[in-house]
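Residue-level structure breakdown
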Amino acid sequence: MVSISKESKGEKMAKVRSFAAKLAHEISTEGKVICPKCNTEVKKVKLVRSFKSKANTWTPKYEFISICKCNEKEIMSGKV
Ligand SMILES: [Zn+2]
């Protein structure tokens, strides 16, 4: 079970133009990042996976991943 939702945290940071803000922006990879391999925008998405525990209940696990043309097919089909 995989569902993907877009993250928009980068939007507000883009308005801050100080050097420190720009540096933090690049380190966190939030906002627009262009992949050097496929030359398309790398989007940060929240991935939600469900794991079945020993008690036979589904436990959701959340993780953030970067997605671009290099890996979007695998991620969208749930292979990653
Ligand atoms: Zn890529």
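In what follows, the structure referred to is the one given above.
The structure reproduced in this document is the subject of the present report. (Residues numbered from 1 in each chain as written. Predicted model: local features only at pLDDT ≥ 70, side-chain atom pairs only at ≥ 80, totals over all residues.)

With respect to the overall build of the protein chain
On a plain count of helices and strands, the protein chain comes out with three helices and four strands. Split into buried and exposed, the 80 residues of the protein chain put 2% on the buried side. The long-range share in the protein chain, meaning contacts at least 24 apart out of those at least 6 apart in sequence, stands at 43%. (Helix = DSSP H or I, 4+ residues; strand = E, 2+ residues; numbered from the N terminus. Buried ≥ 20, exposed ≤ 12 C-beta atoms within 10 Å, placed from the backbone. Contact = placed C-beta atoms within 7 Å.)

Some details on the pairing of strand 3 (residues 41-52)
Within a regular beta strand, the side chains point alternately toward one face of the sheet and then the other, so they alternate between its two faces. Across two bridges, strand 2 (residues 33-34) lies against strand 3 in antiparallel orientation. By the bridge assignment for strand 3, Val33 is matched with Val42. In sequence, strand 2 turns back onto strand 3 through a hairpin of six residues, with Asn39 there showing a positive phi of about 60°. Two strands pair when backbone bridges link them, and strand 3 and strand 4 (residues 58-67) are joined in this way by ten bridges, in the antiparallel orientation. Across the sheet, the residue bridging to Lys46 is Phe64, located in strand 4. Joining the antiparallel neighbours strand 3 and strand 4 is a turn of five residues, in which Asn56 adopts a positive phi near 70°. (Pairing = 2+ DSSP bridges.)

Notes on unusual backbone geometry
With a phi close to 60°, Asn39 is a non-glycine residue in the positive phi region. Inspection of the secondary structure puts Asn39 in the loop between strand 2 and strand 3. Accessibility expressed as a C-beta count within 10 Å gives 9 for Asn39, which makes it exposed.

Some details on the environment of Arg49
Along the chain, Arg49 turns up in strand 3. We classify Arg49 as partly exposed; it has 15 C-beta atoms within 10 Å.

A closer look at the environment of Gly78
By secondary structure assignment, the location of Gly78 is in the segment after helix 3 (72-76). Judged by local crowding, Gly78 falls into the exposed class, with 12 C-beta atoms found within 10 Å. Sequence spacing of Gly78 and Arg49 is 29 residues, and the spatial spacing of their C-alpha atoms is 9.3 Å.

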